[in-house]
Amino acid sequence: GNSVTQMEGPVTLSEEAFLTINCTYTATGYPSLFWYVQYPGEGLQLLLKATKADDKGSNKGFEATYRKETTSFHLEKGSVQVSDSAVYFCALSDLAINYGGSQGNLIFGKGTKLSVKP
Amino acid sequence: DTEVTQTPKHLVMGMTNKKSLKCEQHMGHRAMYWYKQKAKKPPELMFVYSYEKLSINESVPSRFSPECPNSSLLNLHLHALQPEDSALYLCASSQGGTLLNNSPLHFGNGTRLTVT
């Protein structure tokens, strides 16, 4: 079945360091890929997305490129801030046919906790 | 600020209590979801409503009963819960009735439920 694997955390960085959080996926067909971020005490927020191969999603200085050849969607940021401390989830859309129509679900990775120190 | 509003933010209930979680969105989204998130884990899908009809039930025990009174509201009725049901319950919505167009989920901030 479809699945998402992301690097184990926690990841601890100093402010202004370069960030990479690896994410690889297994899927049939052509899923869309997402990064969600969860700040302490809050729900998940969409950070960025890519819907087809070679698309690059970007937002708030974060970027991720949909690489079909390596089935990857690694998250990067050139210079992290203390305010980026959160848990980051990689996810893919899992389209299935149910009840005579088309439904979908997000398959999440296990999450990577990022702590940025001043 | 989230556009999906969940109440209450925190709930403590005994195993014999009946309570309800509420979720509201006014973005015109036609799909609404309930997720359960345990500490340090990703969210797990419980239910999906599409155009106010239950379309996915991920084998959730009957002590959890969802309800979608209209396109803006989603409830989760709780009865005879167990301590292991303690978790963060997240509501989400997406544009259109499905993820067919890969529209992202918009999450609320969740209800932190503790069952004693």
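Please read all numbers here as calculations on a predicted model, not as lab measurements.

Undergrad: What am I meant to see in the nonpolar core here?
TA: Nonpolar side chains in soluble globular proteins tend to be buried together. In terms of nonpolar packing, the biggest core is built from 27 residues, with A:Trp35, A:Leu47, A:Leu48, A:Phe73, A:Leu75 and A:Tyr88 touching the most fellow members. Contributions of two or more residues to this core are made by β2 (11-14), β3 (19-21), β4 (23-26), β5 (33-38), β6 (44-50), β8 (62-65), β10 (86-98) and β12 (112-117) of chain A. The greatest single-element share of this core, amounting to four residues, is contributed by β10(A). If near-sequence neighbours (up to four positions away) are discounted, A:Phe73 is found in contact with A:Cys23, A:Leu33, A:Phe34, A:Trp35, A:Leu48, A:Lys49, A:Ala50, A:Ala64, A:Thr65, A:Tyr66 and A:Cys90. Judged by nonpolar contacts, the second largest core, of 22 residues, contains B:Met32, B:Met46, B:Val60 and B:Leu78.

Undergrad: What's the story with the sheet that holds strand β7 (residues 64-70) of chain B in this structure? I'm lost.
TA: Strand pairing in a sheet takes place through backbone hydrogen bonds and is either antiparallel or parallel in direction. Residues and elements named next belong to chain B. Reading across from one edge, β1-β3-β8-β7 is the order of the four strands in this open sheet, with antiparallel pairing throughout. If you trace the sheet from one side to the other, it starts and ends with β1 (4-7) and β7, each paired once. Strand-to-strand, the axes of this sheet are offset by a mean angle of 20°, without reference to chain direction. For β7 and strand β8 (residues 73-79), the ladder comprises five bridges, and the chain directions are antiparallel. Directly across from Phe64, in β8, lies its bridge partner Leu78.

Analysis parameters
- Throughout this description, residue numbers start from 1 for each chain and increase along the sequence as written.
- For this description, chains carry letters from A and ligands carry numbers from 1, given in the order in which they are written.
- A pLDDT threshold of at least 70 governs which residues receive local features in this predicted model, and a stricter bar of 80 or more applies before side-chain atom pairs are shown or counted, although totals over entire chains, interfaces and linings include all residues.
- Processing note: side-chain calculations cover all non-hydrogen atoms of the structure and skip hydrogens and water entirely.
- Among buried residues, the Ala, Val, Leu, Ile, Met, Phe, Trp, Tyr and Cys ones that are joined through side-chain atoms within 4.5 Å form a nonpolar core.
- For every residue, the accessible area obtained with a 1.4 Å probe (protein chains only) is divided by the maximum for its type, and the residue is called buried under 20%, exposed over 50%, and partly exposed between those limits.
- Think of it this way: any DSSP run of H or I at least four residues long counts as a helix, any run of E at least two long counts as a strand, and we number them from the N terminus.
- By definition, residues are in contact when any of their heavy atoms lie within 4.5 Å.
- The criterion for strand pairing is that DSSP finds at least two bridges linking the strands in question.
- Only the stretch in contact is used when fitting a helix axis, every axis being a line fitted to C-alpha atoms; angles between N-to-C directions are given from 0 to 180 degrees.

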